[in-house]
Amino acid sequence: MHALNDDVRSLAKPALYEELESSLRGLLAGETNLIACAANMSSLLYWSLPDLNWAGFYLLDEASGDLLVGPFQGKPACVRIPLDQGVCGAAAAQRRTLVVQDVHAFPGHIACDSASNSEVVVPIVLADGRLLGVLDLDSPLVNRFDDDDARGLKRLVATFVAAIGQEGQEVQEGQEG
């Protein structure tokens with residue numbers, strides 16, 4: 001079992017994400033189940049990163065083509081998001097990381113929680129090009145996320161993908177809003 005380091009929140013972002021990557025590797029070691037790994041990763045991020053009000057996954061439902069809510073921490077969430085709607089849908093459709101400084105300025109933003117003001121979404125793309133879903137983090141603060149967060153979260157997604165026994169693809173970064 002992995003113990004959360006309460007001091008991690010005070011670290012500078014590069015060091016914080018290095019610590020989170022190490023913690024995530026420990027949490028996921030020996031486990032390949034998608035839901036179990038996503039649940040633990042969501043919890044780790046929610047309780048370790050400052051100023052979040054939601055951290056979790058939307059997983060692709062191949063039958064409908066929509067993103068369906070997966071394991072998360074935070075208030076109840078939108079259950080289904082079409083690939084062409086909201087920040088999650090846009091990041092998934094474009095297969096690139098989106099950092100949105102002000103979600104209210106993002107065209108088509110879906111307000112699952114009215115307290116959310118900024119968002120970062122990292123697509124989870126497997127080596128064969130299939131989209132598994134997205135990792136989504138929301139904050140009540142405007143301008144909460146930046147390129148350091150995008151880079152750190154992309155590394156954590158790569159760790160997650162490796163743990164579940166898949167090889168991931170590198171995705172592009174993008175700034176919005």
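In case you missed it, the structure is sitting above this.
Everything quoted here is computed from the prediction, not taken from an experiment. Throughout, a residue's number is its position along its own chain's written sequence, starting from 1. Local features in this predicted model are restricted to residues of pLDDT 70 or higher, and side-chain atom pairs are both shown and tallied only at a pLDDT of 80 or more, whereas totals for entire chains, interfaces and linings draw on every residue. Side-chain figures throughout are based on the complete set of non-hydrogen atoms in the structure, without hydrogens or water.

A. Molecular detail of the nonpolar core. Residues M41, L45, L49, L135, L137, L153 and F160 are the most contacted members of the largest nonpolar core, which totals 33 residues. If you list the elements that add at least two residues to this core, you get α1 (13–28), α2 (34–48), β1 (54–61), β5 (118–125), β6 (131–139) and α4 (147–163). The greatest single-element share of this core, amounting to seven residues, is contributed by α4. Non-local contacts of M41, meaning those with residues more than four positions away in its chain, are made with L24, F57, L135, L156, V157 and F160. Only buried residues count toward a nonpolar core, which is a set of Ala, Val, Leu, Ile, Met, Phe, Trp, Tyr and Cys residues joined through side-chain atoms within 4.5 Å. Relative accessibility under 20% of the residue-type maximum defines a buried residue, over 50% an exposed one, and the middle range a partly exposed one, all with a 1.4 Å probe and only protein chains included. Grouped together as the second largest cluster of nonpolar side chains are 18 residues, C78, L98, F106 and L131 included. Counting from the N terminus, the helices are DSSP H or I runs at least four residues long and the strands are E runs at least two residues long. Note on contacts: a residue pair is in contact if any heavy atoms of the two residues lie within 4.5 Å.

B. The pattern of salt bridges, seen in detail. Note on definitions: salt bridges are taken to be side-chain nitrogens of Lys or Arg within 4 Å of carboxyl oxygens of Asp or Glu. Applying the stated criterion to the full structure yields nine salt bridges. Linking E21 and R155 is a salt bridge whose minimum nitrogen-to-oxygen distance equals 2.8 Å. Pair noted here: E21 is in helix α1 and R155 is in helix α4, with a separation of 134 residues, a long-range link. D66 serves as the salt-bridge partner of R80, at 3.4 Å between the closest nitrogen and oxygen. Placement of R80 in strand β3 (residues 80–81) and of D66 in strand β2 (residues 66–74) is noted, with a sequence separation of 14 residues between them. Classification of R80 as partly exposed rests on a relative accessible area of 40%. Relative accessible area serves as the criterion here: at 14%, D66 is assigned to the buried category.

C. Representation of α1 in the model. By this rule, a helix spans an expected 1.5 Å times one less than how many residues it contains. The end-to-end C-alpha distance of α1 is 22 Å, a good match for the 22 Å that 16 residues give at a rise of 1.5 Å each. What α1 keeps buried is the set L16, Y17, L20, E21, S23, L24 and L28. Buried residues along α1 sit against α2 and α4. In the segment just after α1, G30 is the residue with positive phi, at about 80°.

D. Structural context of α2. Here α2 is 15 residues long and its end C-alpha atoms lie 21 Å apart, about the 21 Å a rise of 1.5 Å per residue gives. Buried within α2 we find C37, A38, M41, S42, L44, L45 and S48. Seen along its axis, α2 keeps its buried residues to an arc of 165°; they face one direction. Those residues of α2 that are buried are in contact with α1, β1, β2, β6 and α4. Distance and chemistry together define a polar contact, namely a pair of N or O atoms within 3.5 Å, with one atom able to donate a hydrogen and the other to accept it when in protein, and with adjacent residues in sequence counting only for side-chain atoms on both sides. Structurally, the start of α2 carries an N-cap: the backbone nitrogen of I35 is 3.0 Å from a side-chain oxygen of N33. Each direction from the helix axis to a C-beta atom contributes to the arc, which is the arc of those directions.

E. How the structure looks around the environment of A38. Looking at where A38 falls in the secondary structure, it is placed in helix α2. Distance from A38 to L83, taken between C-alpha atoms, is 20 Å for residues 45 residues apart in sequence. Not counting the four nearest positions on each side in its chain, A38 is found in contact with F57, P71 and F160.

F. Region of interest: the side chain of N117. Along the chain, N117 falls in the loop between β4 (96–100) and β5. Within the local environment of N117, its side chain forms a polar contact with the backbone oxygen of A115, the two atoms lying 3.5 Å apart. Beyond its immediate chain neighbours, meaning those up to four positions away, N117 contacts Q101, D102, V103, H104, S139, P140, L141 and V142.

G. The packing of α1 against α4, seen in detail. Lines fitted to the C-alpha atoms define the axes, with helices restricted to the stretch that makes contact. Angles between their N-to-C directions range from 0 to 180 degrees. It is at 10 Å that the axes of α1 and α4 come closest, and there the two elements cross at 15°. One finds that α1 runs roughly parallel with respect to α4. In this structure, the crossing between α1 and α4 has a hand that is right-handed. The segment α1 lies against α4, with K13, Y17, E18, L20, E21, L24, R25 and L28 engaging D148, D149, G152, L153, R155, L156, T159, F160 and A163. Classes in brief: Ala, Val, Leu, Ile, Met, Phe, Trp, Tyr, Cys and Pro nonpolar; Asp, Glu, Lys and Arg charged; the others, Gly included, polar. Across the contact of α1 with α4, the residue classes break down as eight nonpolar, two polar and seven charged. Angular relationships are summarised with four words: roughly parallel below 35 degrees, roughly antiparallel beyond 145, roughly perpendicular across 65 to 115, and oblique for the angles in between. It is the rotation of the near helix from the far one that decides the hand of a crossing: anticlockwise by less than a right angle makes it left-handed, clockwise makes it right-handed.

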